[in-house]
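Take a look at the letters that make up each chain.
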There are 2 protein chains.
Amino acid sequence: MPEREVRMSRAMLARLPFYYRTLAAHARAGNGKISSSQLAASLGMDSARVRRDLSSIGEFGRPGIGYDVPELLEALEEMLGLRNRTEAVLVGVGRLGAALFGYPGFEGYGLRIVSLFDSDPEKIGTKLNGALIRSVSEIPHVVRRLSIQMGIITTPPASAQQIADMLVNAGVIAIWNFAPVSLSVPPEVMVRDEDLAAGLSYLSRHLSGTTNAARPAQE
Amino acid sequence: MPEREVRMSRAMLARLPFYYRTLAAHARAGNGKISSSQLAASLGMDSARVRRDLSSIGEFGRPGIGYDVPELLEALEEMLGLRNRTEAVLVGVGRLGAALFGYPGFEGYGLRIVSLFDSDPEKIGTKLNGALIRSVSEIPHVVRRLSIQMGIITTPPASAQQIADMLVNAGVIAIWNFAPVSLSVPPEVMVRDEDLAAGLSYLSRHLSGTTNAARPAQE
DNA sequence: TGGGGATTGTGAAAATACGCACAATATGCT
DNA sequence: AGCATATTGTGCGTATTTTCACAATCCCCA
């Protein structure tokens, strides 16, 4: 029953999606095998790190050969939870919210946005790409009824915390937060902050010439 | 002339935008002072780390008092390069590209998107919010002529590398990449990958129940 | 069958990053 | 003035992460 001691560091976990992405590209290109050095080169990192990361999720490599792309891909999908279909609600149908809702790429990751909410009376009741925009006051009802686990917040920062509270109370356990504020949530709820301004700052700093930093790691 | 030994770790650099964000919110709320513990609480981190980070960019705190919000804010703006106006071009006017172009929040960070490009003949020549969408073949000309330093890539992954090459050749030194691929660029060019799918994976993993990880750090 | 070249997995060292704990400093109140 | 309270800046031990380096493993081909 000792499943295999899965000892995964925080930093490594953040890298898994990048391995996945690169492997998927290789799979599409028809490569059946890939070496740690190739993978490292594609991602601009060290090959030893790739090997250690991959070895920590299982034994997929064969010495002298490399990694089996489909096999590894499958393991990563499993590990990343991409095989589960996830249903989410999106709150805040502004430009960003609309873009996310229309983004076709999420399907491949098992995500489906099943309901839209906004607080603007002008928007409530209208449709976006065929989906009805509901009042935020309906969040508790809808989320609970559909047993939604994920909430996507694309509201202005001022209302984000309040929305987060509503979502959490209604049973959401994962929040994808695009509002530029840090949310407080109970420890069992996972929050992923996607702060566009932070990314922008990173680059601005480079442009201002104040820096001499090397190329940043991803994300 | 020893400017002050600015020794900044990579990890710390990634946190600066979050300090900035939180401080800006406090400034708007009218608070003139803030303590490391308040700041830490807002961001869900340790106060010692806040103090060490802030002390490494200068001496802004006063023992027994805390930090002067406007002063610190100014220092962070300087440090993050937010005082420079940055002009950028955006390539790939799909849903995401359009959302970014219309996003008003970037102004506060000194970013202005001055030109849009796409390869779709249907889009070329049309306007988005009053801005003309040009053919990607005009990238070299426009970027060079306007001395643009930043390129935003919101194209499909397949063409992202090619666009990156064009941008770099035309003189761009910072790339904000929303396409889910790792770009190869010369070392002097800085790339920031903004991979939405990576964020999604992070949360999916939690939902699949495979995890027992605590709340993740930001970004 | 055996040697050569490639590549993994990992022990151990090095480098980073974290957080505790406390001396030093500042304010306010009596 | 003197004491109580608040809060910074940082030395230092610990934990985490990265990198090096190499034995072990595997395929290919003669």
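Residues numbered from 1 in each chain as written. Chains lettered and ligands numbered in written order. Predicted model: local features only at pLDDT ≥ 70, side-chain atom pairs only at ≥ 80, totals over all residues.

Trainee: Even after reading the chapter, I still don't get the overall build of chain A, so can you show me in this structure?
Mentor: Within chain A, the regular secondary structure consists of eight helices and ten strands. Counting over 219 residues, chain A shows a buried share of 40%. Contacts spanning at least 24 positions in sequence make up 54% of the contacts within chain A whose residues lie at least 6 apart. (Helix = DSSP H or I, 4+ residues; strand = E, 2+ residues; numbered from the N terminus. Buried ≥ 20, exposed ≤ 12 C-beta atoms within 10 Å, placed from the backbone. Contact = placed C-beta atoms within 7 Å.)

Trainee: I would appreciate a short explanation of the protein's contact with DNA strand D in the present structure.
Mentor: Ser9(A), Pro63(A), Gly64(A), Gly61(B) and Gly64(B) are the nearest of the 29 residues found near DNA strand D. Within the residue set of the surface near DNA strand D, elements represented by two or more residues are helix H1 (10-28) and helix H3 (47-57) of chain A together with helix H2 (36-43), helix H3 (47-56), strand E2 (61-62) and strand E3 (66-68) of chain B. The element best represented in the surface near DNA strand D is H3(B), accounting for five residues. In terms of residue class, the surface near DNA strand D is built from eleven nonpolar, nine polar and nine charged. (Near = placed C-beta within 6 Å. Nonpolar A, V, L, I, M, F, W, Y, C, P; charged D, E, K, R; others polar.)

Trainee: Any chance you could explain the relation of the copies chain A and chain B here in plain terms?
Mentor: Overlay of chain A on chain B (RMSD 0.2 Å): rotation 179°, translation along the axis 0.1 Å. In the structure described here, the two chain copies are related by an operation that fits a two-fold rotation axis. Mapped onto chain B, 100% of the interface residues of chain A are again interface residues, and the two copies thus contact each other with one and the same surface. (Least-squares fit on C-alpha atoms with pLDDT ≥ 70 in both.)

Trainee: Looking at this model, I keep getting lost on the pairing of strand E9 (residues 174-177) of chain A. Mind explaining?
Mentor: For a regular strand, side-chain orientation follows a simple rule: the groups alternate between the two sheet faces. Residues and elements named next belong to chain A. Covered by surrounding structure in E9 are Ala-174 and Trp-176 together with Ile-175 and Asn-177, the residues of both alternating faces. Pairing of strand E8 (residues 150-153) with E9 involves four bridges; the strand directions are parallel. In the sheet register, Gly-151 faces E9, and the bridge partner there is Ile-175. A crossover links E8 with its parallel partner E9, the connecting element being helix H7 (residues 157-169), and its sense is right-handed. As judged from the four bridges shared by E9 and strand E10 (residues 190-193), these two strands associate in the parallel manner. Pairing of Ile-175 across the sheet is with Val-191, part of E10. (Pairing = 2+ DSSP bridges. Right-handed = clockwise from strand over helix to strand, strands pointing away.)

Trainee: What is the right way to read the environment of Arg52(B) from this model?
Mentor: Within the secondary structure, Arg52(B) is located in helix H3. Remark: the alpha-carbon pair of Arg52(B) and Met12(B), spanning 40 residues in sequence, is separated by 9.4 Å.

Trainee: Help me out: how do you make sense of the packing of helix H8 (residues 196-207) of chain A against helix H1 (residues 10-28) of chain B in this one?
Mentor: For any two helices packed against each other, one specifies the inter-axial angle together with the distance between the axes. Direction vectors running N to C along H8(A) and H1(B) enclose 120°, while the axes themselves pass 9 Å from each other. Viewed along their axes, H8(A) and H1(B) adopt a mutual orientation that is oblique. Viewed along their axes, H8(A) and H1(B) form a crossing whose handedness is right-handed. Facing H8(A), whose interface residues are Ala197(A), Ala198(A) and Ser201(A), H1(B) presents Leu16(B), Pro17(B), Phe18(B), Tyr20(B) and Arg21(B). Class assignment for the residues of the contact of H8(A) with H1(B) results in six nonpolar, one polar and one charged. (Axes fitted to C-alpha atoms, helices over the stretch in contact; angles between N-to-C directions. Parallel < 35°, antiparallel > 145°, perpendicular 65-115°, else oblique. Left-handed = near helix turned anticlockwise from the far one by under 90°.)

Trainee: Looking at this structure, I do not really get the protein's contact with DNA strand C. What am I missing?
Mentor: Taken together, 27 residues lie around DNA strand C, and Gly61(A), Gly64(A), Ser9(B), Pro63(B) and Gly64(B) are the ones closest in. Put simply, the parts of the chain that give the surface near DNA strand C at least two residues each are helix H2 (36-43), H3, strand E2 (61-62) and strand E3 (66-68) of chain A together with H1 and H3 of chain B. No other element matches the five residues that H3(A) contributes to the surface near DNA strand C. Considered class by class, the residues forming the surface near DNA strand C number ten nonpolar, nine polar and eight charged.

Trainee: Would you mind showing me how to read the confidence of the model for chain A here?
Mentor: Segments scoring low in pLDDT should not have their predicted coordinates read at a detailed level. Residue and element names in this part refer to chain A. A residue-level look at chain A finds 92% of positions with pLDDT of 70 or above and a mean pLDDT of 89. Within the model, the stretch residues 1-5 combines pLDDT values under 50 with zero contacts to residues more than four positions away or in other chains. Counting interchain partners and residues more than four positions distant, the pLDDT-below-50 stretch residues 210-219 has 20 contacts. (pLDDT = per-residue confidence, 0-100.)

Trainee: Looking at this structure, how should I read the interface of chain A and chain B?
Mentor: A common way to state how big an interface is: give the accessible area lost once the parts meet. On the side of chain B, 62 residues touch chain A, which itself brings 61 residues to the contact. Every element with two or more residues in the side of chain A that touches chain B is listed here: H1, H2, helix H4 (69-80), helix H5 (95-102), E9, E10 and H8 of chain A. Ranked by residues supplied to the side of chain A that touches chain B, first place goes to H8(A) with twelve residues. For the side of chain A that touches chain B, a count of residues per class yields 34 nonpolar, 18 polar and nine charged.

Trainee: Just checking my understanding: could you explain the sheet that holds E10(A) for this structure?
Mentor: Note on sheets: strands pair through backbone hydrogen bonds, and any given pair is parallel or antiparallel. Residues and elements named next belong to chain A. The mixed open sheet is built from seven strands, whose spatial order is E6-E7-E5-E4-E8-E9-E10. For this open sheet the edge positions go to strand E6 (127-128) and E10, each flanked by a neighbour on one side alone. Across the sheet, H7 lies against strand E4 (86-91), E8 and E9, angled at about 170° from E8, the strand it touches most.

Trainee: Is there a simple way to think about the nonpolar core in this case?
Mentor: Counting 114 residues, the largest nonpolar core has Ile153(A), Ile175(A), Ile153(B) and Ile175(B) as its most contacted members. In this view, Ile153(A) contacts Val91(A), Gly92(A), Ala160(A), Ile163(A), Ala164(A), Ile175(A), Asn177(A), Phe178(A) and Ala179(A); residues no more than four positions away in its chain are not counted. (Core = buried A, V, L, I, M, F, W, Y, C linked by C-beta atoms within 7 Å.)

Trainee: What's the story with the packing of helix H6 (residues 139-146) of chain B against helix H7 (residues 157-169) of chain B in this structure? I'm lost.
Mentor: All names here are of chain B. In contact at an axis separation of 9 Å, H6 and H7 are set at 35° when each is read in the N-to-C sense. For the pair H6 and H7, the crossing hand works out as right-handed. Side by side, H6 and H7 meet where Ile-139, Pro-140 and Val-143 of the first sit next to Met-166, Leu-167 and Asn-169 of the second. A class-by-class count of the residues in the contact of H6 with H7 yields five nonpolar, one polar and no charged.

Trainee: What exactly am I supposed to notice about the sheet that holds E2(B) here?
Mentor: Residue and element names in this part refer to chain B. The three strands are arranged E1-E3-E2 in an open sheet whose pairing can be described as antiparallel. The open sheet is flanked by strand E1 (33-34) and E2, the only strands paired with a single partner. As defined by bridge partners, E1 adjoins E3 across two bridges and the pair is classed as antiparallel. Following the sheet pairing, Ile-34 is matched in E3 by Tyr-67.

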